[in-house]
Amino acid sequence: LRARLDRFNSGAKGESAAVIKREMQAVMMEHGSVFRTDAGLAQAMAKIKELQDRRQRVVITDDAREFNTALVEAVELGALLTLAELILAAARDRTESRGAHFREDFPARNDENWLKHTLVRAASGGPELSYKPVVITRFQPKPRTY
């Protein structure tokens, strides 16, 4: 705990975790929600990278050892930015529309190439994607119609 407090409370000038979090929320709402395009996803990924860099300069002024919500917010921000990066990478990779993932530049479902699960994990070089086959049991895949 002391090391984390020292890292965020170095006395250097920096910015608030809350400001970065709001910017992350805005870019994810704009480009990472249900309706997506490659250009929007690329723009969002660039912004998330910028926010990850800025997070390194986050400072908190509360040095309490108990109930330090500012410290919790700063630590959680790192996880939220990583999750945003993983979501965007997987969404950009999947060039089809399926379920709650709608690519305006790829509006059709593509079972031939995309009837598989996308697995994504954080790695030191950036998101790593892999795939797992879908096991068809009782219900055959078919487009949703309303």
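Preceding this paragraph is the structure being described.
Nothing here was measured: the structure is a model prediction, and the numbers come from that model.

(A) Representation of the overall build of the protein chain. When you go through the protein chain residue by residue, the secondary structure sums to five helices and four strands. From first element to last, N terminus to C terminus, the protein chain shows the α and β order α-α-β-α-α-β-α-β-β. Overall, the protein chain is about 60 × 30 × 30 Å in size when its C-alpha atoms are taken along their principal axes. Contacts in the protein chain between residues at least 24 apart in sequence constitute 62% of all its contacts with a sequence separation of at least 6. Accessible surface, the protein chain: about 9500 Å² in total, of which carbon and sulfur atoms supply 55%. Within the protein chain, the 20 negative side-chain charges are centred at a point lying 4 Å from the centre of the 24 positive side-chain charges.

(B) Looking closely at the packing of aromatic side chains. Tallied over the entire structure, the rule returns two aromatic pairs. On the numbers, 5.7 Å between centres and 70 degrees between planes, the contact of F35 with F102 is edge-to-face. Linking F35 in strand 1 (residues 35-36) with F102 in strand 2 (residues 102-103), this pair joins segments that are 67 residues apart in sequence. The exposed category is assigned to F35, whose relative accessible area is 53%.

(C) Layout of the packing of helix 3 (residues 38-55) against helix 4 (residues 69-93). For the pair helix 3 and helix 4, the least separation of the axes is 10 Å and the interaxial angle reads 160 degrees. Regarding the angle of helix 3 to helix 4, the classification is roughly antiparallel. Between helix 3 and helix 4 lies a crossing of left-handed hand. Where helix 3 approaches helix 4, its residues D38, L41, A42, A44, M45, I48, K49, L51, Q52 and R55 are matched on the opposing element by A74, V75, L77, G78, L81, T82, A84, E85, L88, A89, A91 and R92.

(D) Representation of helix 4 within the structure. If you check helix 4, its first and last C-alpha atoms are 36 Å apart, about what 25 residues at 1.5 Å a residue would give, namely 36 Å. For helix 4, the full list of buried residues reads L71, A74, L77, G78, L81, A84, E85, L86, L88, A89, A90 and A91.

(E) Highlighting the nonpolar core. Judged by nonpolar contacts, the single largest core of 18 residues is most densely connected at M24, I48 and L81. Among the elements that make up this core, the one with the highest residue count is helix 4 (seven residues). Look past the residues within four positions of I48 in its chain and what remains in contact with it is M24, V27, L81, A84, E85 and L88.

(F) Focus on the pattern of salt bridges. Under the counting rule described, the total for this entry stands at 14 salt bridges. Between R54 and E50 there is a salt bridge, and its shortest N-O distance comes to 3.0 Å. In this pair, R54 and E50 are both assigned in helix 3, four residues apart and thus about one turn of the helix distant. Under the relative-accessibility criterion, R54 is labelled buried at 11%.

(G) Just the environment of E76, in detail. Mapped onto the elements, E76 comes out in helix 4. For E76, a relative accessible area of 43% translates into the label partly exposed.

What counts, and where the lines are drawn
Residues numbered from 1 in each chain as written. Predicted model: local features only at pLDDT ≥ 70, side-chain atom pairs only at ≥ 80, totals over all residues. Heavy atoms only, no water. Helix = DSSP H or I, 4+ residues; strand = E, 2+ residues; numbered from the N terminus. Contact = heavy atoms within 4.5 Å. Areas by Shrake-Rupley, 256 points an atom, 1.4 Å probe, with all protein chains shown as cover. Lys, Arg positive; Asp, Glu negative; His and termini not counted. Charge placed at Lys NZ, Arg CZ, Asp CG, Glu CD. Phe/Tyr/Trp six-rings, centres within 6.5 Å; stacked < 30°, edge-to-face > 60°. Buried < 20%, exposed > 50% of the residue type's maximum accessible area, 1.4 Å probe, protein only. Axes fitted to C-alpha atoms, helices over the stretch in contact; angles between N-to-C directions. Parallel < 35°, antiparallel > 145°, perpendicular 65-115°, else oblique. Left-handed = near helix turned anticlockwise from the far one by under 90°. Expected span 1.5 Å × (residues − 1). Core = buried A, V, L, I, M, F, W, Y, C linked by side-chain atoms within 4.5 Å. Salt bridge = Lys/Arg side-chain N within 4 Å of Asp/Glu carboxyl O.

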